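Understanding the architecture of this molecule
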Amino acid sequence: MQKKGTVTIGIVGAGYACQLHGNGYRRVSGVDIRLKTICDTDAARGKAELERFGFEQYEPNFNAMIADPEIDVVDICTPPFLHPGMFIKAIQAGKHVICEKPLSGYFGMPDDVAPIGDTVSREKMYKKVMAEMDEIKKAVDASDRLFMYAENYVYCPTIQKAAQVIRGKKSKILFMRGEESLKGSSSAVAGQWARTGGGPLARVGCHPLSGVLWLKRQEAAARGETIGIQNVTCATAVATRVLTDDEKRHIAARPEDVEDVATMTITFTDGTMALVIAGDVCLGGTVNYVNVYANDATLVCNITPPGAMRSYMLDENGLDNVVLGEMLPMKIGWQDVFVVDEILRGYTDEFQDFAECVLTGRKPQSDFSLAYDTTKLLYAAYWSAAEGKRIDL
């Protein structure tokens, strides 16, 4: 395919998200992707990603990176507590911005008593986060630069196919159920609210939440309707408290002041509903899906495990560099194998969309309004869970 032009990228944050994005950029076609700068305060980690993906240079200073006139796009892959400040600086520097999920969160104020997940009211968290989101919105509205929300669920082939069906049939979605659950995070700070902005609801539940919100938008556009969010209810728990240390040996979740399981229910202004489930108590690998129940269709959108391949092996000889799945302790026995993971989880089409948007100026499928509504609903859900009441929006 003939190249359309060059998009020059600077990534800040050399952790796991950087690897996902780097692999996504490798699969972009028709656009010349130039990975110029990797920025991280940890030189060893930054230089490791430079070698892995072929960045031209390592830069430890974020302000220096965004001052580079050659960089078109700043891709923010840092922990969420750094997102708002970096985003505003980058977009005001005239850069297009890609930002990992969630866009913002509550990570503590100077007068808070630690641990904040146990002491700070969720109403205070909600109001603080929304004030911050409104400041980000002002920066977006004042700029002619693009904001691209790195929500891979939107670009998963199963979700995209569901949207195609909904648009074609003009289906009325009556109920959706989405989930992301696993056995816990590999991050040592995942159990601390001050570092993650919540538990699995914020950390991974943001994915199916964005997925159901985006599908509802496809329905509204196809039917010429305006559909908003009416209210949210939520329940959270620390289910692993009932386990002894020995009983917890297979589960990686170590919540300090966050939940380890959550369910949230959304009611839309047309009277339809969606259920989002997120947990750190699921063995057997990562579970990702969105199920859609419409007036004329049922759409089961499996993401992981994809169901395309299973394997059975009695040993792991020769498999040191072979990835079969995520969050699995071994490769023996029957396994649900992740095939073309970058494609089935949406990363390939996500970065294809973003690259083309930068060249053409068109709006990305995963945009600021989706990031805004996702963040708003997450903290409204936490408020609901803490006070045991419905939060009307």
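Here we summarise the structure given alongside this text. Position numbers for residues start from 1 in each chain and track the written sequence from start to end. Reporting in this predicted model follows two pLDDT cut-offs: at least 70 for local features of residues, and 80 or more for side-chain atom pairs to be given and counted; totals over whole chains, interfaces and linings ignore these cut-offs and use all residues. In computing side-chain properties, one takes all heavy atoms of the structure into account and sets aside hydrogens as well as water.

1. Describing the sheet that holds strand β15 (residues 391–392)
Going by this rule: Only strands joined by at least two bridges in the DSSP assignment are considered to pair. We count a stretch as a helix when DSSP gives it H or I for four or more residues in a row; a strand needs E for two or more, and each element gets its number in order from the N terminus. Contact definition: two residues touch when any of their heavy atoms are within 4.5 Å. Axis definition: a line fit to C-alpha positions, over the contact stretch in the case of helices; interaxial angles, taken between N-to-C directions, run 0 to 180 degrees.
Spatially, β12-β11-β7-β10-β9-β8-β15 is the arrangement adopted by the 7 strands of the open sheet, whose pairing is mixed. The outermost strands of the open sheet, each flanked by one partner alone, are β12 (298–304) and β15. Of the strand pairs in this sheet, strand β8 (residues 229–237) and strand β9 (residues 261–268) are connected by 8 bridges, and their pairing is antiparallel. By the bridge assignment for β9, Cys234 is matched with Met264. Along the sheet, helix α7 (residues 157–169) contacts β7 (173–181), β11 (287–294) and β12; its crossing angle with β12, the most-contacted strand, is approximately 165°. Contacting β7, β8, β9, β10 (273–279) and β11, helix α10 (residues 206–223) crosses the sheet at an angle of about 155° to β7.

2. Side note on the packing of α7 against α10
The test is simple: Should an angle fall under 35 degrees it is called roughly parallel, over 145 degrees roughly antiparallel, and 65 to 115 degrees roughly perpendicular, with every other angle called oblique. Put simply, a crossing is left-handed when the front helix is turned counterclockwise from the back one by less than a right angle, and right-handed when it is turned clockwise. Any residue outside Ala, Val, Leu, Ile, Met, Phe, Trp, Tyr, Cys, Pro, Asp, Glu, Lys and Arg is labelled polar, Gly included; the first ten of those are nonpolar and the last four are charged.
Put simply, α7 and α10 touch, their axes get as near as 9 Å, and they point 20° apart. Accordingly, the angle class assigned to the pair α7 and α10 is roughly parallel. α7 and α10 meet at a crossing whose hand is right-handed. Taken together, the residues of α10 that come into contact with α7 (itself represented by Ile159, Gln160, Ala162, Ala163, Ile166 and Arg167) are Trp214, Leu215, Gln218, Glu219 and Ala222. Among the residues forming the contact of α7 with α10, the class breakdown is 7 nonpolar, 2 polar and 2 charged.

3. Describing the environment of Val212
Put simply, the rule is: Each residue's exposure class comes from its accessible area (1.4 Å probe, protein chains only) as a fraction of the maximum for that residue type: buried when under 20%, exposed when over 50%, partly exposed otherwise.
Structurally, the position occupied by Val212 is in helix α10. Val212 gets classed as buried once you look at its relative accessible area, which sits at 0%. Each C-alpha atom of the pair Val212 and Leu275 lies 8.8 Å from the other, and the pair is 63 residues apart in sequence. Not counting residues up to four positions away in its chain, the partners in contact with Val212 are Met176, Ile266, Ala274, Val276 and Val290.

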